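Chain by chain, the residues run as shown.
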Amino acid sequence: MQIINQTLTADSPAYLRGYLRQETPQRAYPAIIIVPGGSYTHIPEQQAEDLALAWSARGYQAFFLRYSFVGEKQPLLPTPVIELAKSVATLRQHAADWHIDPAEIVIAGFSVGGHITALFNDLWSDEAFNRLAGTSPEQIHPQAVILGYPVITPTAGFPTDTATLAQWTSDPASIAADQRVSAQNAPTFLWATGNDPLVPVQNTLAYAQALLAHGVDTEVHIFHNGPHGLALANAVTAWKPGTDLPHVAHWVPLAAEWLADLRA
């Protein structure tokens, strides 16, 4: 396995870390970009790596995105969404070198990383957004999107204070991802727990309902129990008692089966 770090722009702390398979004979693999959570203040790099390696083990060229934080830019959005767009374009630019199938690029976002990913899913085909990112829709369109316990809209219970929201945006309506869905959104797999105490499950449900209303291929799994930030929901990413949950951990094979169905 080759580990790479790829900067995105000269004036940004954002970068992609990749875990590249190098089996021979070499072939093109599907790729996945993990967009981790962290409340827009940090990312849990070990958890992000564990998620990437879990998908590497399933045959993906796996990456995670270290995006910009509120301590580096305010208001923050849409900067991380632009950085995700540049990441997808970078994967397609290096597809031959990194042995990536450019038709199979998946984005998987968790918590506020799910917010970034959901907004990207809404905007990848938008001309104004592509002008901001310096990209084209052909360069950045995702094959599919996975959202785990995502933040979707400020009206659904996270963040809970106006000071934090002001660090994110000067226009809260513009970051309500459920309100920006269109028929152009990529197929989307969503999962959450019904009793998440930090990011209410209503975020996941609002986005799923918007996707379905626009005819977007959508699969949703709401597991009955589990705290926020479960990641793989197994012993690898368990960060406190009650976060190694075999039932919730089924989300990974379910998502992999769903992606295989999309390719069929």
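Residues numbered from 1 in each chain as written. Predicted model: local features only at pLDDT ≥ 70, side-chain atom pairs only at ≥ 80, totals over all residues. Heavy atoms only, no water.

> Summarise the overall build of the protein chain; cite the residues concerned and give the values.
Per the secondary structure count, the protein chain includes 8 helices and 8 strands. In summary, the protein chain has a C-alpha radius of gyration of 17 Å against a globular reference of 18 Å for 264 residues, a match within 12%. Viewed in the frame of its principal axes, the protein chain has a C-alpha envelope of about 50 × 45 × 35 Å. In the protein chain, once contacts between residues fewer than 6 apart in sequence are set aside, the share between residues at least 24 apart is 72%. Counting only carbon and sulfur atoms, one obtains 52% of the accessible surface of the protein chain, whose full area is about 10700 Å². Looking at charge distribution, the protein chain has the averaged site of its 12 positive side-chain charges lying 4 Å from that of its 23 negative ones. (Helix = DSSP H or I, 4+ residues; strand = E, 2+ residues; numbered from the N terminus. Rg over C-alpha atoms; globule rule 2.2 N^0.38 Å. Contact = heavy atoms within 4.5 Å. Areas by Shrake-Rupley, 256 points an atom, 1.4 Å probe, with all protein chains shown as cover. Lys, Arg positive; Asp, Glu negative; His and termini not counted. Charge placed at Lys NZ, Arg CZ, Asp CG, Glu CD.)

> Give me the pairing of strand β7 (residues 188–193): which residues, what numbers.
Here β7 lies mainly inside the structure; 6 of its 6 residues are buried. By the alternation rule, side chains of β7 split into Thr188, Leu190 and Ala192 and Phe189, Trp191 and Thr193, which are all buried. Examined bridge by bridge, strand β6 (residues 144–148) and β7 share 4 bridges and lie parallel to one another. Paired with Leu147 across the bridge in β7 is Leu190. Note that the unit made of β6, helix α6 (residues 162–168) and β7 has a crossover that is right-handed. Sheet topology note: the β7/strand β8 (residues 218–223) ladder contains 6 bridges and is parallel. Bridge assignment links Thr188 to a residue of β8, and that residue is Thr218. (Buried < 20%, exposed > 50% of the residue type's maximum accessible area, 1.4 Å probe, protein only. Pairing = 2+ DSSP bridges. Right-handed = clockwise from strand over helix to strand, strands pointing away.)

> Can you lay out the pairing of strand β5 (residues 100–110) for me, pointing to particular residues and giving the numbers?
Among the 11 residues that make up β5, 8 are buried, leaving the element largely enclosed by the rest of the structure. Sheet analysis places strand β3 (residues 29–35) next to β5, joined by 6 bridges and oriented parallel. Bridging across to β5, Ala31 finds its partner in Ile105. Strand direction decides the pairing type here: β5 and β6, joined by 5 bridges, are parallel.

> Just give me the short version of the nonpolar core, but keep the residues and values in it.
Within the largest apolar cluster, 90 residues are counted, with the highest numbers of intra-cluster contacts made by Ile33, Trp55, Phe63, Phe120, Ile146, Trp168 and Trp251. Ranked by the residues each element gives to this core, the list is headed by helix α2 (residues 79–93), at 7 residues. Aside from chain neighbours lying at most four places away, what touches Ile146 is Trp55, Val106, Ile107, Ala108, Gly109, Thr117, Phe189, Trp251, Ala255, Trp258 and Leu259. (Core = buried A, V, L, I, M, F, W, Y, C linked by side-chain atoms within 4.5 Å.)

> How would you summarise the sheet that holds β8 if you had to cite specific residues and measurements?
Judged by pairing direction, the sheet is mixed, and its 8 strands sit side by side in the order β1-β2-β4-β3-β5-β6-β7-β8 without closing on themselves. One side of each edge strand has no neighbouring strand; the edge strands of this open sheet are β1 (2–7) and β8. Taking each pair of neighbouring strands and ignoring which way they run, the sheet shows an average axis angle of 15°. The strands touched by helix α3 (residues 112–123) are β3, β5, β6 and β7; relative to β5, the strand with the most contacts, the crossing angle is about 135°. Contacting β6, β7 and β8, helix α7 (residues 202–213) runs over the sheet at an angle of about 155° to β7. (Axes fitted to C-alpha atoms, helices over the stretch in contact; angles between N-to-C directions.)

> I'd like a description of unusual backbone geometry, backed by residues and values.
Residue Gln74 is joined to Pro75 through a cis peptide bond whose omega torsion reads -15°. Inspection of the secondary structure assignment puts Pro75 in the loop between β4 (61–66) and α2. Here the residue pair Phe158 and Pro159 is connected by a cis peptide bond, since its omega of 0° sits within 30 degrees of zero. For Tyr40, which is not a glycine, the phi torsion comes out positive at approximately 65°.

On their own, these measurements won't tell you what the molecule is for.
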